[in-house]
Amino acid sequence: QVQLVESGGGLVQPGGSLRLSCVTSGITLWRYEMNWYRQVPGKERELVASIANVGGRTNYAEFVKGRFIISRDNVKTTAWLQMNSLEPEDTAVYYCNAKQLPPWAPADYWGQGTQVTVSS
C-alpha cells in the first residue's frame, strides 16, 4: 500500500519559516520525481517545486524562487520543503506528490495535504 504522509504545516508569522516533510512508503522512491504543490480554495492546484529522482536537479515556481528549498533522501524515503521568508500569499494546503516517469510505468501518488497559514 502506497502512502505519502505530509507534516510540518501550521501557523507562522510573515517572514517566518516552516519545514514540510513527506514520508513515503510502499514505493521505490528513487524511481520517482518528487513534487510539492499547493492549493487555495477556489483555485487550481499549482506546482511549487520539483526534485528529480536521481541527481538532485530542482525546479521552482517563480513565486518561491530564492525562498523555498526542496530536498530528498531516497534512503530515508522522505522529501522536504524548507519554506523561508513566508508571505501571507503562501497560505494554502501543501501537497506532496510522487510521480514515476519513463522508463518505468507511469504512476502518480498524493499525500493528504498539510495546511500552511501565514498571518500576523
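A brief structural summary. (Residues numbered from 1 in each chain as written. Predicted model: local features only at pLDDT ≥ 70, side-chain atom pairs only at ≥ 80, totals over all residues. Heavy atoms only, no water.)

### Quick word on the side chain of Thr 78
Here comes step 1: Inspection of the secondary structure puts Thr 78 in strand β8 (residues 78-83).
Here comes step 2: For Thr 78, a relative accessible area of 8% gives the class buried.
Here comes step 3: In terms of polar contacts, Thr 78 uses its side chain to reach the backbone carbonyl oxygen of Lys 76, at 2.8 Å.
Here comes step 4: Among all residues touching Thr 78, those that are not within four sequence positions of it are Cys 22, Val 23, Leu 29, Arg 72 and Asp 73. (Helix = DSSP H or I, 4+ residues; strand = E, 2+ residues; numbered from the N terminus. Buried < 20%, exposed > 50% of the residue type's maximum accessible area, 1.4 Å probe, protein only. Polar contact = N/O pair within 3.5 Å; in protein donor to acceptor, adjacent residues only side chain to side chain. Contact = heavy atoms within 4.5 Å.)

### Describing the sheet that holds strand β7 (residues 68-73)
Here comes step 1: Here we have four strands laid out as an open sheet, ordered β1-β3-β8-β7, and antiparallel in their pairing. Two strands lie at the open edges of the sheet, namely β1 (3-7) and β7, each paired on one side alone. On average, each strand axis in the sheet is inclined to that of its neighbour by 15°, with strand direction left out of account.
Here comes step 2: In this sheet, β8 lies alongside β7 in antiparallel orientation, the contact comprising six bridges. (Pairing = 2+ DSSP bridges. Axes fitted to C-alpha atoms, helices over the stretch in contact; angles between N-to-C directions.)

### Some remarks on the nonpolar core
Here comes step 1: Within the largest apolar cluster, 28 residues are counted, with the highest numbers of intra-cluster contacts made by Met 34, Trp 36, Val 48, Phe 68, Leu 81, Met 83 and Tyr 94.
Here comes step 2: Mapped onto this core, the elements with two or more residues apiece are β3 (18-25), β4 (32-39), β5 (46-51), β7, β8, β9 (92-100) and β11 (114-118).
Here comes step 3: The element contributing the most residues to this core is β9, with four residues.
Here comes step 4: Phe 68 has contacts with Arg 38, Val 48, Tyr 60, Leu 81, Gln 82, Met 83, Asn 84, Leu 86, Asp 90 and Tyr 94, leaving out every residue within four places of it along the chain. (Core = buried A, V, L, I, M, F, W, Y, C linked by side-chain atoms within 4.5 Å.)

### Things to note about the pattern of salt bridges
Close approach of charged atoms lets side chains of opposite charge pair.
Here comes step 1: In total, this model carries six salt bridges according to the counting rule given.
Here comes step 2: Across the pair Arg 38 and Glu 46 runs a salt bridge, and its minimum N-O distance is 2.8 Å.
Here comes step 3: For Lys 65, the salt bridge identified is with Glu 62, shortest N-O distance 2.9 Å.
Here comes step 4: Each of Arg 38, Glu 46, Arg 67, Glu 87 and Asp 90 takes part in a single network of salt bridges with overlapping partners. (Salt bridge = Lys/Arg side-chain N within 4 Å of Asp/Glu carboxyl O.)

### So, the state of the cysteines
Here comes step 1: Summed over the entire model, instances satisfying the criterion amount to one disulfide.
Here comes step 2: Note on cysteine connectivity: Cys 22 is disulfide-linked to Cys 96, with sulfurs 2.0 Å apart. Residues Cys 22 and Cys 96 share a disulfide whose torsion about the S-S bond is about -80°; that sign makes it left-handed. One end of the pair, Cys 22, is in strand β3; the other, Cys 96, is in strand β9, and 74 residues separate them in sequence. Like Cys 96, Cys 22 is buried. (Disulfide = S-S within 2.5 Å.)

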